[in-house]
Amino acid sequence: DAQSAMAFINRIVSESPNYIKAYLLKSKILMNNDNKLAEAAKFLKEIDVNVIAKAESFQKADYYHMLAIIANRRGLMKEAIQYYEKAVEINQTDTDAITKIADFYVQISDSTKAMEYYDMALKIDPKYSAAIIGKTEIYVLLSQKEKIYLELAKLDPKTLTNPQLLARVAKIYSSIGDKAK
């Protein structure tokens, strides 16, 4: 249960205060089980800067990912963007973070900036489905049917297994009035 997990994580944090993974796990437990988003954010922000500085770069990126997820769940999209941008500064090939930044720009109605980030992700991985779908959704909003079909043709149905991405593709086809082929 969550209470036992939290007790275990608290023990790890007290015994190994430089183990950033324990802090990330504790924030996940707070966020997911107790839905204490503000407490999870506060907890992460209070981690000693030396602990973060000593962490491996992928752990630092995970730290900023977690802050971004929490900020997003709290409805703080611009703050989430800033945290994902910090993660991308650390790992410039993080297509997930880059695409999430683009998705947030779509949500705040900045499709130009969103398109820049989708293109950045696709420069790293030309087959990255989430970025292709994001770009396609912008073309749907702009009623650019030819570009919609060009983007959809880039998707590989064999690797497109994420149910959320599949639902987005179905919505695209539905919005343009075509049946998925």
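The preceding data block contains the structure.
Source: prediction; values computed, not measured.

Draft legend 1. Here's a closer look at the pattern of salt bridges. Under the counting rule described, the total for this entry stands at eleven salt bridges. With a closest N to O distance of 3.2 Å, Arg11 and Glu15 form a salt bridge. Placement of both Arg11 and Glu15 in helix α1 (residues 2-15) is noted, with a separation of four residues, approximately one turn of the helix. The residue Asp119 makes a salt bridge to Lys135 at a minimum N-O spacing of 2.8 Å. Of this pair, Asp119 sits in helix α8 (residues 111-124) while Lys135 sits in helix α9 (residues 129-141), and the two are 16 residues apart along the sequence. If you follow the salt bridges from partner to partner, you end up with Asp119, Lys135, Glu151 and Lys154 in one network.

Draft legend 2. Examining empty space enclosed by the protein more closely. This model, assessed by the stated rule, comprises one cavity of 30 Å³ or more. If you add up the space inside the largest cavity, you get close to 30 Å³. Those elements giving two or more residues to the lining of the largest cavity turn out to be α3 (37-45), α5 (57-73) and α6 (77-90). Grouping the amino acids of the lining of the largest cavity by side-chain chemistry returns six nonpolar, no polar and three charged.

Draft legend 3. Expanded view of unusual backbone geometry. Backbone geometry places Ser109, a non-glycine residue, at a positive phi of 65°. Along the chain, Ser109 falls in the loop between α7 (95-107) and α8. According to the relative accessible area criterion, Ser109 is exposed, its value standing at 69%. One non-glycine residue, Ser143, adopts positive backbone phi at about 55°.

Draft legend 4. Structural context of the layout of surface pockets. Size it by volume and the largest pocket reaches roughly 510 Å³. Lining the largest pocket we find 18 residues, and of these Lys100, Asp103, Gln107, Gln164 and Arg168 sit closest to its centre. Mapped onto the lining of the largest pocket, the elements with two or more residues apiece are α5, α7, α9 and α11 (163-176). If you tally residues by element for the lining of the largest pocket, the top one is α7, at seven residues. Of the residues belonging to the lining of the largest pocket, the class tally is eight nonpolar, five polar and five charged.

Draft legend 5. Examining the nonpolar core more closely. Formed by 62 residues in total, the largest nonpolar core has its most connected members in Leu44, Tyr63, Ile70 and Leu152. Apart from residues lying up to four places away in sequence, Tyr63 is in contact with Ile20, Leu24, Leu44, Lys45, Ile47 and Ile52.

Draft legend 6. Focus on the packing of aromatic side chains. According to the stated counting rule, one finds five aromatic pairs in the structure shown. Centroid distance Tyr64 to Tyr83: 6.4 Å. Interplanar angle 20°. Geometry classified as stacked. Of this pair, Tyr64 sits in helix α5 while Tyr83 is found in helix α6, placing the two residues 19 residues apart along the sequence. On the basis of relative accessible area, Tyr64 is assigned to the buried category, the value being 17%. The rings of Tyr63, Tyr64 and Tyr83 are connected pair by pair, giving a single aromatic cluster.

Thresholds, definitions, all that
Residues numbered from 1 in each chain as written. Predicted model: local features only at pLDDT ≥ 70, side-chain atom pairs only at ≥ 80, totals over all residues. Heavy atoms only, no water. Salt bridge = Lys/Arg side-chain N within 4 Å of Asp/Glu carboxyl O. Helix = DSSP H or I, 4+ residues; strand = E, 2+ residues; numbered from the N terminus. 1 Å grid on protein atoms, 1.4 Å probe; cavity = no way out; pocket = protein on both sides within 12 Å on 5 of 7 lines; lining within 4 Å. Points joined across faces, edges and corners; volume = space filled by probe spheres on them. Nonpolar A, V, L, I, M, F, W, Y, C, P; charged D, E, K, R; others polar. Buried < 20%, exposed > 50% of the residue type's maximum accessible area, 1.4 Å probe, protein only. Core = buried A, V, L, I, M, F, W, Y, C linked by side-chain atoms within 4.5 Å. Contact = heavy atoms within 4.5 Å. Phe/Tyr/Trp six-rings, centres within 6.5 Å; stacked < 30°, edge-to-face > 60°.

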